[in-house]
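Listed here are the chains, written in short residue letters.
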Amino acid sequence: MKKTTETNSQTMPIVIPKSGSIHEDDKTTDLVREELHRLIDQVFISRTHIKNRVNDLASQISADYSKAGISKVHMIVVLKGATMFAMDLVRAIYDLHEISVKLGYIKASSYGRDTTTSGKVSITEEIDGVQGKHVLLVEDIADTGLTLSRLKSYFLKNKKAESLKGCALLDKKVRRHERLKELDIDYIGFEIPDVFVAGYGLDYAELFREIPFIVVVNEEYFSNR
Ligand code: IMP
């Protein structure tokens, strides 16, 4: 992707296998109310793992920008799914005192109520004031990659941002669109298999956003309703 900043020290994403989840080490499952058990297959990524990974990402992001001599970053949060992640990330970056962050929000959607992408990405809330600025785009999950790729060119070409980096908490790399196999995502929290997840800001038909950990949705339950 053109015009990204030069430093890009990748911390590899944590890869989560389809068969396994990483929640054994804390008590998150106890917090899942009984009713919720019917709706979800498994707790997929625990609060502890999310918290640790967010702190890693914050350190990496702060270090990369400050090494590149950039002290002010425009963090653009992709609504609505990335909100919980972004708020934790911005707090963790603040605590490191290396860079300052200006927050902005953009709304983009490629899904309807369904769990498969429509293939079309629409930007429903425009953003201004990023010309000549260093933009860090924060997304909940990269799936086909269409949203991220569309937003990257929106900020670089339409809005004339000086640089653009992408950060996604989750990456469903196996689902990447044919022409986006090489899509460059600078920061990835967890690489996950092809399962539909919710929680920690992500939804299934507007459900589960408030859960502070990530679950796999039991789609059978919903299709039988
Ligand atoms: P993409 O454009 O196909 O990469 O889709 C990205 C968007 O699809 C994300 O910002 C989410 O809103 C949504 N999405 C993709 N996979 C999931 C999932 O497993 N759970 C919840 N939302 C998802």
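A short tour of the structure in this document, coming up. Because the structure is a prediction, the values reported are computed rather than measured. For every chain, the first residue of the written sequence is number 1, and numbering continues from 1 onward in sequence order. Totals for whole chains, interfaces and linings use all residues, but because this is a predicted model, local features are given only for residues with pLDDT of at least 70 and pairs of side-chain atoms are given and counted only at 80 or more. Excluding hydrogens and water, the side-chain figures rest on all heavy atoms present in the structure.

### Comments concerning the site of the ligand
Okay, step 1: Note on definitions. A residue lies near a molecule or strand when any single heavy atom of the residue is within 4 Å of it. The local shell around the ligand holds 17 residues, among which Asp140, Asp143, Thr144, Thr147 and Val197 are the closest.
Okay, step 2: Nitrogen and oxygen atoms within 3.5 Å of one another constitute a polar contact, given that in protein one can donate a hydrogen and the other can accept it, and given that sequence-neighbouring residues count only through two side-chain atoms. A distance of 3.2 Å separates an oxygen atom of the ligand from a polar atom in the side chain of Glu139.
Okay, step 3: The separation between an oxygen atom of the ligand and a polar side-chain atom of Thr147 is 2.5 Å.
Okay, step 4: To be clear on the numbers: accessible area is Shrake-Rupley with a 1.4 Å probe, and residue cover counts the displayed protein chains and nothing else. Bound to the protein, the ligand loses 92% of the 490 Å² it would expose on its own.
Okay, step 5: Helix and strand labels come from DSSP, where a helix needs a run of H or I of at least four residues and a strand needs a run of E of at least two; each type is numbered from the N terminus. Of all elements in the fold, only strand S6 (134–142) and helix H5 (146–158) reach the threshold of two or more residues within the shell around the ligand.
Okay, step 6: In terms of residue count, S6 provides more of the shell around the ligand than any other element does, 4 residues in total.

### So, the nonpolar core
Okay, step 1: We call a set of buried Ala, Val, Leu, Ile, Met, Phe, Trp, Tyr and Cys residues a nonpolar core when their side-chain atoms join them within 4.5 Å. The buried label applies to any residue whose accessible area, calculated with a 1.4 Å probe on protein chains only, is under 20% of its type's maximum; exposed applies above 50%, and partly exposed to all values in between. Leu89, Leu170 and Val197 are the most contacted members of the largest nonpolar core, which has 35 residues in total.
Okay, step 2: Sorting the residues of this core by element identifies strand S2 (40–45), helix H3 (47–67), strand S3 (72–79), helix H4 (83–96), S6, strand S7 (163–171), strand S8 (187–191) and strand S10 (214–217) as the ones contributing at least two each.
Okay, step 3: Listed in part, the 24 residues of the second largest apolar core include Val130, Leu137, Leu146 and Leu183.

### Considering H5
Okay, step 1: The terminal C-alpha atoms of H5, which comprises 13 residues, lie 17 Å apart, in line with the 18 Å expected from a rise of 1.5 Å per residue.
Okay, step 2: Of the residues making up H5, those classed as buried are Leu146, Thr147, Leu148, Ser149, Leu151, Lys152, Tyr154, Phe155 and Leu156.
Okay, step 3: The positive-phi residue at the C-terminal boundary of H5 is Lys160, with phi of around 55°. Multiply 1.5 Å by the residue count of a helix minus one, and that product is the helix's expected span.

### Topic: the pattern of salt bridges
Okay, step 1: Throughout this description, the term salt bridge denotes a Lys or Arg side-chain nitrogen within 4 Å of a carboxyl oxygen of Asp or Glu. On inspection of all chains with the given rule, the structure shows 9 salt bridges.
Okay, step 2: The residue Arg175 makes a salt bridge to Asp143 at a minimum N-O spacing of 2.6 Å. In this pair, Arg175 is assigned in the loop between S7 and S8 and Asp143 in the loop between S6 and H5, connecting sequence segments 32 residues apart.
Okay, step 3: Using a relative accessible area of 8% as the deciding quantity, one classes Asp143 as buried.
Okay, step 4: Put simply, Asp203 and Arg209 hold a salt bridge, and the shortest N to O gap is 3.4 Å.
Okay, step 5: Residue Arg209 is classed as buried on the basis of its relative accessible area of 18%.

### Considering the pairing of S10
Side-chain positions along a regular strand alternate between the two faces of the sheet.
Okay, step 1: Across the two faces of S10 the burial is the same, with Ile214 and Val216 and Val215 and Val217 all buried.
Okay, step 2: Two strands pair if DSSP finds at least two bridges between them. Pairing of strand S9 (residues 197–198) with S10 involves 2 bridges; the strand directions are antiparallel. From the neighbouring strand, Val197 faces S10, where its bridge partner is Val216.

### A look at the packing of aromatic side chains
Okay, step 1: Ring geometry is summarised as follows: Phe, Tyr and Trp rings, the Trp one being its six-membered ring, pair when their centres sit within 6.5 Å, and such pairs are stacked at plane angles under 30 degrees, edge-to-face over 60 and tilted between the two. Applying the stated criterion across every chain yields a total of 2 aromatic pairs.
Okay, step 2: Ring plane angle 80° and centroid distance 5.8 Å describe the contact between Phe196 and Tyr204, whose orientation is recorded as edge-to-face.
Okay, step 3: Of note, Lys165 hangs over the ring of Tyr65, and the distance from its end group to the ring centre comes to 5.3 Å. We call a charge positioned over a ring when the NZ of a Lys or the CZ of an Arg lies within 6 Å of the ring centre and within 35 degrees of the ring normal.

### Digging into the side chain of Lys159
Okay, step 1: On the secondary structure map, Lys159 appears in the loop between H5 and S7.
Okay, step 2: There is a polar contact of 3.3 Å between the side chain of Lys159 and the backbone oxygen of Ile127.
Okay, step 3: If near-sequence neighbours (up to four positions away) are discounted, Lys159 is found in contact with Glu126, Ile127, Asp128, Val130, Gln131 and Tyr154. The criterion used for residue contact is that any of the two residues' heavy atoms lie within 4.5 Å.

### Structural notes on H3
Okay, step 1: Along its 21 residues, H3 runs 30 Å from first to last C-alpha, staying within 8% of the 30 Å computed at 1.5 Å per residue.
Okay, step 2: Within H3 the residues assigned to the buried category are Ile50, Arg53, Val54, Leu57, Ala58, Gln60, Ile61, Ser62, Asp64 and Tyr65.
Okay, step 3: At the exit of H3 stands Gly69, carrying a positive phi of roughly 75°.

### Comments concerning the pairing of S3
Okay, step 1: Burial within S3 is extensive, with 6 of its 8 residues counted as buried.
Okay, step 2: Sheet topology note: the S3/strand S4 (residues 100–109) ladder contains 8 bridges and is parallel. For Val73, the partnering residue across the bridge sits in S4 and is Val101.
Okay, step 3: The parallel pair S3 and S4 is bridged by H4, and the resulting crossover is right-handed. Classification remark: right-handed applies to a crossover when, strands pointing away from the viewer, the course from the first strand over the helix to the second runs clockwise.

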